[in-house]
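# Overview (structure and organization)
Each chain, written out:
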Amino acid sequence: MQTDIRTPTPNLLPQLTHARNPGMVLDLDWVASVQANTSAIERRAATLGGRRSVKKEYQAAWLLKAISLIDLTTLSGDDTPGRVQRLCAKARQPVRAEMLQTLGVPNLTVGAVCVYHDMVETAVRALEGSTIPVAAVSTGFPAGLSPWHLRLAEIGESVKVGAKEIDIVISRRHVLTGNWQALYDEMREMRAACGAAHVKAILATGELQTLRNVARASLVCMMAGADFIKTSTGKEAVNATLPVSLTMIRAIRDYEARTGFKVGYKPAGGISKAKDALLYLALMKDELGHPWLQPELFRFGASSLLGDIERQLEHYLTGHYSAANRHAMG
Ligand SMILES: O=C[C@H](O)COP(=O)(O)O
């Protein structure tokens, strides 16, 4: 039976505190034992799309919750300080002030702002006085093929200028060749380079060929101390999908069951519709429960999702849709 996701307004959900995942020694027997039943996973994912969506005030509450979980992202070659400043203004006040007042959440912000290293200082300055962290994509994002010492140095540079979260990319070839030791070692070193900054491991699942590879790579990154596992850079041909999400979420559940440590989940790439955000939240609640509905353990990596959510909230309040271009992000 599916869980009913109707819940009171998001700011009434319990606040989470959890110990940071320290990682563990690489357990190759555990890794080798991990399988993924692709047809069962795909069947389950297909049922999610058909579920009845929540309506009216319940939907509005869940959309507000979704906003608080967005890593508001710009990762374009033509990013400018001006665009990043506008994005940060949006991060501070994601929906028009009068709408937030009416909805009873005047202080709502997004989960984080996510940018390339070059824009970290601009974002940090633009977010001064708020509690919104800046996340930097790092380690030769998106391919992760720059020289190793430069990948590590890039993490250090971003942390030095104020990034509180680092989204690293793994070496896909370690997964594709089954070199779990190499994946573990690189993840461990990258986590160490992050220091106190939290590390999200981007698996680039669209390039890992099988769900079994996704499950094993998820586990190895968690064993090496990832704070979050993230699907995609947004630059692969296939980015976040529900089957991949189920696979990764279940890896998180198994890891917690065996070690007691909670690891966060970040689907990213191609999530641009409010209704998709609701599906993901329902999935998290069904599979992992309330702790994974907090920014400490769940984020959407998304550049345009906020605009669609804002349109849906406006429709809820006024009965009308405004043009999408009224909700520009940057
Ligand atoms: O990590 C975030 C992604 O790059 C955003 O992808 P998107 O532009 O498809 O929303």
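Residues numbered from 1 in each chain as written. Predicted model: local features only at pLDDT ≥ 70, side-chain atom pairs only at ≥ 80, totals over all residues. Heavy atoms only, no water.

### Overview of the overall build of the protein
- On a plain count of helices and strands, the protein comes out with 13 helices and eight strands.
- By the compact-globule yardstick of 20 Å for 330 residues, the protein fits well, its C-alpha radius of gyration being 19 Å.
- Overall, the protein is about 55 × 50 × 35 Å in size when its C-alpha atoms are taken along their principal axes.
- About 13,800 Å² of surface is accessible on the protein, with carbon and sulfur atoms providing 52% of the total.
- Of the side-chain charges in the protein, 38 are positive and 31 negative, and the distance between the mean point of each set is 5 Å. (Helix = DSSP H or I, 4+ residues; strand = E, 2+ residues; numbered from the N terminus. Rg over C-alpha atoms; globule rule 2.2 N^0.38 Å. Areas by Shrake-Rupley, 256 points an atom, 1.4 Å probe, with all protein chains shown as cover. Lys, Arg positive; Asp, Glu negative; His and termini not counted. Charge placed at Lys NZ, Arg CZ, Asp CG, Glu CD.)

### Topic: the state of the cysteines
- Per the stated rule, a full pass over the model turns up zero disulfides.
- Of all cysteine sulfurs in the structure, the one in cysteine 88 sits closest to cysteine 114, which takes part in no disulfide; the separation is 11 Å.
- Lacking any disulfide linkage, cysteine 194 is separated from the closest cysteine sulfur, that of cysteine 221, by 12 Å. (Disulfide = S-S within 2.5 Å.)

### Digging into the packing of helix H9 (residues 180-194) against helix H10 (residues 211-223)
- Interaxial distance between H9 and H10 falls to 8 Å at its minimum, and their mutual angle equals 45 degrees. Considering the angle they form, H9 stands oblique to H10. Seen along the crossing, H9 lies across H10 with a hand that is right-handed. The segment H9 lies against H10, with Trp180, Leu183, Tyr184, Met187 and Arg188 engaging Asn213, Arg216, Ala217, Val220, Cys221 and Met223.
- Among the residues forming the contact of H9 with H10, the class breakdown is eight nonpolar, one polar and two charged. (Axes fitted to C-alpha atoms, helices over the stretch in contact; angles between N-to-C directions. Parallel < 35°, antiparallel > 145°, perpendicular 65-115°, else oblique. Left-handed = near helix turned anticlockwise from the far one by under 90°. Contact = heavy atoms within 4.5 Å. Nonpolar A, V, L, I, M, F, W, Y, C, P; charged D, E, K, R; others polar.)

### Some points on the site of the ligand
- As a structural note, the neighbourhood of the ligand is formed by Thr73, Leu75, Lys230, Thr233, Gly234, Ala268, Gly269, Gly270, Gly301, Ala302 and Ser303.
- Take lysine 230: an N or O atom from its side chain is 3.1 Å from an oxygen atom of the ligand.
- The contact in question runs from an oxygen atom of the ligand to an N or O atom on the backbone of glycine 270, over 2.8 Å.
- Out of a free accessible area of 310 Å², the ligand has 84% covered by protein chains.
- Of the residues belonging to the shell around the ligand, the class tally is three nonpolar, seven polar and one charged. (Near = heavy atom within 4 Å. Polar contact = N/O pair within 3.5 Å; in protein donor to acceptor, adjacent residues only side chain to side chain.)

### Remarks on the environment of alanine 46
- The topology assignment puts alanine 46 in helix H2 (residues 38-49).
- Alanine 46 gets classed as exposed once you look at its relative accessible area, which sits at 55%.
- Between the alpha carbons of alanine 46 and methionine 99 there is a distance of 34 Å; along the sequence they are 53 residues apart. (Buried < 20%, exposed > 50% of the residue type's maximum accessible area, 1.4 Å probe, protein only.)

### Notes on the sheet that holds strand E3 (residues 134-137)
- Spatially, eight strands are ordered E7-E6-E5-E4-E3-E2-E1-E8 in an open sheet, and the strand pairing comes out parallel. What marks the edges here is a single partner per strand, and that holds for strand E7 (264-266) and strand E8 (300-302). Between one strand axis and the next, the sheet turns through 25 degrees on average, direction left out of account.
- Packing against the sheet, helix H13 (residues 305-318) makes contact with strand E1 (70-73) and E8, and its axis sits at approximately 115 degrees to E1. (Pairing = 2+ DSSP bridges.)

### Comments concerning the pattern of salt bridges
- Here the structure, examined in full by the defined rule, presents 24 salt bridges.
- Here lysine 200 ties to aspartate 167 by a salt bridge, and the two come within 3.0 Å at their closest N and O atoms. Taken as a pair, lysine 200 in strand E5 (residues 198-202) and aspartate 167 in strand E4 (residues 165-169) lie far apart in primary sequence, 33 residues in all.
- For lysine 200, a relative accessible area of 2% translates into the label buried.
- Note on aspartate 167: relative accessible area 0%, which makes it buried.
- Among the charged side chains, a salt-bridge network with shared partners connects Asp71, Glu165, Asp167, Lys200, Lys230, Lys266 and Arg299. (Salt bridge = Lys/Arg side-chain N within 4 Å of Asp/Glu carboxyl O.)

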